[in-house]
There are 2 protein chains.
Amino acid sequence: MSQAVRHDAMRARNLALVLGEVGARGAVTRAALAEITGLTKTTVSKLVGDLIEGGLVVETGAVRDGERGRPGVEIRISGRHVAALGLEVNVDYLAVCVVDLARTVRLRRTQAVDNRAALPVDSIARLGDLAANVVDEAVEKGLRVVGGVLAVPGPVDRATGDVRNAPNLGWRDVPLASLLQHFPFPVRVENEANLAALGELWFGSGLPDFLHVSGEIGIGAGLVVRGRLFRGAHGFAGELGHVVVAPDGPQCRCGGRGCLEQYAGQDALLAAAGGVRGQLGVAQVAQRLREGDERARAACERAAWALGVALSSAINLVDPGAIVLGGIYAPLFRWIGDVVGDTLRARLGQMRGTVPPVIVSRLGAEAAALGAAGQVIEQVMADPAALLHT
Amino acid sequence: MSQAVRHDAMRARNLALVLGEVGARGAVTRAALAEITGLTKTTVSKLVGDLIEGGLVVETGAVRDGERGRPGVEIRISGRHVAALGLEVNVDYLAVCVVDLARTVRLRRTQAVDNRAALPVDSIARLGDLAANVVDEAVEKGLRVVGGVLAVPGPVDRATGDVRNAPNLGWRDVPLASLLQHFPFPVRVENEANLAALGELWFGSGLPDFLHVSGEIGIGAGLVVRGRLFRGAHGFAGELGHVVVAPDGPQCRCGGRGCLEQYAGQDALLAAAGGVRGQLGVAQVAQRLREGDERARAACERAAWALGVALSSAINLVDPGAIVLGGIYAPLFRWIGDVVGDTLRARLGQMRGTVPPVIVSRLGAEAAALGAAGQVIEQVMADPAALLHT
């Protein structure tokens, strides 16, 4: 390794170290950063200068007594320049959001589209248009969108970013990576349920240990253990929608039978509530529930019971700290939360001292796009040098 | 922190560092250890001297050309002095084994006992007698047993070591920690299925990513991810036996219905094969299977189908690299392996490019006691100073 290369590697590591400390502490002086990191004050000042120039941190202007009585200007993460794009293709909507480096959500747009009826190439083109508009708005606000992550409802090949099979979208072997080359910045692809769990971690309850359930037309789950996403050996963990509720139950699009999705997925729930696909939405079901509609209530009860059965299997297997119900279960929580909890207690209460609490996500359907943007921010925080070099 | 305390902490860390490198490399000279660890040769020689004196490592006597041409005596982990005791209380047997620090199994004993019919205090006393005999034999071989771990078939409170509920043993709120105080060395308690998975990791296939299934009267599982056991938020992960096969199926001892254990646990399988509890053992069923007995074959097929259903839920949730069938499924593998694999492929094949391979454990019922002893060895390797101080 040449001396220049070694110097660059050390600088990259130190930039990440300093930025990470600023991020973790909220506001901190250069003198304190030197003490915390063990770097010299001169080095810290140079690094902070580079981070300010790159728009990643900003001086607060506020002068206060620093460590050991020395006054100092505090440094914070800047929300004014660098931003991340979160994208989502789901079965019946497209979503984009822009989050700045200080983790403030700056823009959000969703568009109702039946992506089942569209070709993947058209869905991605429509998403591209939506994203282009949002990025233009972001630029008007002085933001520079440095990268994006796209949430898709199916297992993603982590090496290529391609989607082997998203049965609810009707996608099979879709070469997403090449479709996304038209974006003006790099866009990675990630499973929707994983991103929704990360969205909940970074923008939601703040719990460090939970299983987040994304109720959509499919049902995915993301397990967060001590603040980190559990992915499994191939990155396909969390397919809660295909956990077996009844082995000889209704045929599922995945090829199995009696999967949770056939009882508690959006289509199943709306059909049981009296709707035909496309005729009744979750909001309307919630309205009927508020009006005391018996059929809607029974549909929620059946879905919640099935969710309780599948979650009791999940709790037995992975022992999460809490269950967070998101996606369509967020607006329906009033009518399903208790049945889920009762089913869990009936099945698990005798073996376990406490059954994990079942709580509602405050993010709902937004969680995945927020998690997607959050992942870009994590990447910037982990390797700010990559951004400063461009 | 005083200077002496700081010195002790540094010495402890360096002892672990040197011992760990010896363990990882098999055989290594003092000069190479100095290069690898960055410690001075004088420090390494002092540390190696302490480890030799404590019986943890040994000079091989073989002299070979060391790094950069210098001759050197190689150091190895010693199997001659320090040893670990693995213990297991299961529903119908007690097991103990002694494993030396070089991970060679030196002694193993099992005793068939119906622990369901015994009080916990009596089961532990009987286990204590069995262990005392084995420890005496170990002492005759020049071994010093420094600690033990006890495997029990139920969730263990990691803080206290007590067992809240092991329904198959009929144990409820058993204060194991105090019962184990009579042992002449510290004995920790750990879930049997977790230890069986670790036994498989350390003494079995050597795979780094797998779900190990312990088929006993209960069915536990241990998930190993990149060489580490996944425990969940409270240490209760892996209760595969209570994953739901059919939500309205037979009543289970856990309080639920239609749990896997009711289809594929030892009692269920033997009953379906035509035996009444205590009248027909797994070995006899295997004999009948070899003779082409139709009822035994149908019993295995039903158990294997249920195992496939529960494992398909588990694979959807945790995405393991492989499934290792242990416990009673090891001797029955010839008659269940294919049905399990077929069930998994039927349920999962459409969603996933490859379904994890289903392989047989080479350790069978021994896995948990071996994993228990292995855990003591891990502890010694992680903190040799604790042993040298005593």
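These numbers were taken from a predicted model, which means no experiment stands behind them. (Residues numbered from 1 in each chain as written. Chains lettered and ligands numbered in written order. Predicted model: local features only at pLDDT ≥ 70, side-chain atom pairs only at ≥ 80, totals over all residues. Heavy atoms only, no water.)

A. The relation of the copies chain A and chain B, seen in detail. The two copies are related by a screw motion: chain A maps onto chain B through a turn of 180° and a shift of 0.0 Å along the axis, at an RMSD of 0.0 Å. Within this description, the copies of the chain are treated as partners about a two-fold rotation axis. If distances are taken from each C-alpha of chain A to the rotation axis, the shortest is found for A:Ala246, at 2.5 Å. Here 100% of the interface residues in chain A have copies in chain B that are interface residues too; the copies meet face to matching face. (Least-squares fit on C-alpha atoms with pLDDT ≥ 70 in both. Contact = heavy atoms within 4.5 Å.)

B. Broad picture of the environment of A:Glu190. Residues and elements named next belong to chain A. Inspection of the secondary structure assignment puts Glu-190 in strand S10 (residues 187-191). Here the alpha-carbon distance between Glu-190 and Leu-348, two residues 158 residues apart in the chain, equals 33 Å. Setting aside chain neighbours within four positions, we find Glu-190 in contact with Val-149, Leu-150, Ala-151, Val-152, Val-156, Arg-158, Leu-195, Arg-231 and Gln-375. Within the structure, Glu-190 has its side chain in polar contact with the side chain of Asn-194 (distance 3.4 Å). (Helix = DSSP H or I, 4+ residues; strand = E, 2+ residues; numbered from the N terminus. Polar contact = N/O pair within 3.5 Å; in protein donor to acceptor, adjacent residues only side chain to side chain.)

C. Geometry of the interface of chain A and chain B. Contacts between the two partners involve 51 residues from chain A, matched on the other side by 51 residues from chain B. Taken over both partners, the interface formed by chain A and chain B buries close to 4100 Å², and the fraction arising from carbon and sulfur atoms is 56%. The three residues of chain A that bury the most area against chain B are A:Leu317, A:Arg347 and A:Met351, which together make up 20% of that side's buried surface. Counting across the chain A and chain B interface gives 0 salt bridges. Counting across the interface, chain A meets chain B through 24 residue pairs in polar contact (both at pLDDT 80 or more). Take the side of chain A that touches chain B: its biggest share by element is 8 residues, from helix H10 (residues 294-318) of chain A. Residue composition of the side of chain A that touches chain B, by class: 24 nonpolar, 16 polar and 11 charged. (Buried area = accessible area lost by both parts, 1.4 Å probe. Salt bridge = Lys/Arg side-chain N within 4 Å of Asp/Glu carboxyl O. Nonpolar A, V, L, I, M, F, W, Y, C, P; charged D, E, K, R; others polar.)

D. Broad picture of the nonpolar core. The biggest cluster of nonpolar side chains holds 100 residues, and the ones touching the most others in it are A:Leu240, A:Leu311, A:Leu325, B:Leu240, B:Leu311 and B:Leu325. Those residues in contact with A:Leu311 that sit more than four places away from it in its chain are A:Leu211, A:Val213, A:Leu240, A:Ile323, A:Leu325, A:Val340 and A:Leu344. (Core = buried A, V, L, I, M, F, W, Y, C linked by side-chain atoms within 4.5 Å. Buried < 20%, exposed > 50% of the residue type's maximum accessible area, 1.4 Å probe, protein only.)

E. Geometry of the sheet that holds strand S6 (residues 105-112) of chain B. Residues and elements named next belong to chain B. The strand order S6-S5-S4-S7-S10 describes an open sheet built from 5 strands, whose pairing is mixed. With one partner strand each, in any of the chains shown, S6 and strand S10 (187-191) form the two edges of the open sheet. On average, each strand axis in the sheet is tilted by 20° relative to the strand beside it, whichever way the strands run. Bridge count for strand S4 (residues 82-89) against strand S7 (residues 144-152) is 7 bridges, and the pairing is parallel. Bridging across to S7, Ala-84 finds its partner in Gly-147. Across the sheet, helix H6 (residues 192-203) is in contact with S4, strand S5 (93-100), S7 and S10; its angle to S10 comes to roughly 95°. (Pairing = 2+ DSSP bridges. Axes fitted to C-alpha atoms, helices over the stretch in contact; angles between N-to-C directions.)

F. Region of interest: the pairing of S7(B). Residue and element names in this part refer to chain B. Along S7, 8 of the 9 residues are buried, which leaves the element largely enclosed by surrounding structure. Alignment of S7 against S10, held across 5 bridges, turns out to be parallel. Looking at the pairing, Leu-150 lines up with Val-189 of S10.

G. Fine view of the domain arrangement of chain A. Residues and elements named next belong to chain A. When the domains of chain A are assigned, the result is domain 1 (3-77), domain 2 (82-197 + 368-388) and domain 3 (205-362). For domain 2 versus domain 3, the distance between C-alpha centres works out to 25 Å. Across the contact, 19 residues belong to domain 2 and 21 residues belong to domain 3. When domain 2 packs against domain 3, close to 1600 Å² is buried across both sides, 46% of that on carbon and sulfur atoms. Counting the surface domain 2 buries against domain 3, the share from its top three residues, Arg-116, Asn-168 and Asn-194, is 33%. (Domains from an automatic or database assignment.)

H. Here's a closer look at the pattern of salt bridges. Residues and elements named next belong to chain A. Counted by the stated rule, this structure contains 32 salt bridges over all chains. Between Glu-301 and Arg-297 there is a salt bridge; the shortest N-O distance is 2.4 Å. Remark: Arg-297 and Glu-301 occur in helix H10; sequence separation between them is 4 residues, near one turn of the helix. With a relative accessible area of 33%, Arg-297 lands in the partly exposed category. With its nearest N and O atoms 2.9 Å apart, the salt bridge here joins Arg-345 to Asp-342. You can see Arg-345 and its partner Asp-342 sitting in helix H11 (residues 333-348), 3 residues apart, about one turn around the helix. Using a relative accessible area of 46% as the deciding quantity, one classes Asp-342 as partly exposed.

I. Representation of the layout of surface pockets within the structure. What the largest pocket holds in volume is close to 1200 Å³. Looking at the largest pocket, it is lined by 29 residues, and the ones nearest its centre are A:Arg226, A:Arg228, B:Arg226, B:Arg228 and B:Phe230. Breaking the lining of the largest pocket down by element, the ones donating at least two residues are helix H6 (192-203), strand S13 (228-230) and helix H12 (367-382) of chain A together with H6, strand S13 (228-230) and helix H12 (367-382) of chain B. (1 Å grid on protein atoms, 1.4 Å probe; cavity = no way out; pocket = protein on both sides within 12 Å on 5 of 7 lines; lining within 4 Å. Points joined across faces, edges and corners; volume = space filled by probe spheres on them.)

J. Representation of the pairing of strand S8 (residues 163-166) of chain A within the structure. All names here are of chain A. Sheet analysis places S8 next to strand S9 (residues 171-174), joined by 3 bridges and oriented antiparallel. When the bridges of S9 are listed, Val-163 appears paired with Val-174. Here S8 folds back onto S9 in antiparallel fashion, the turn holding 4 residues, of which Gly-170 has a positive phi close to 75°.

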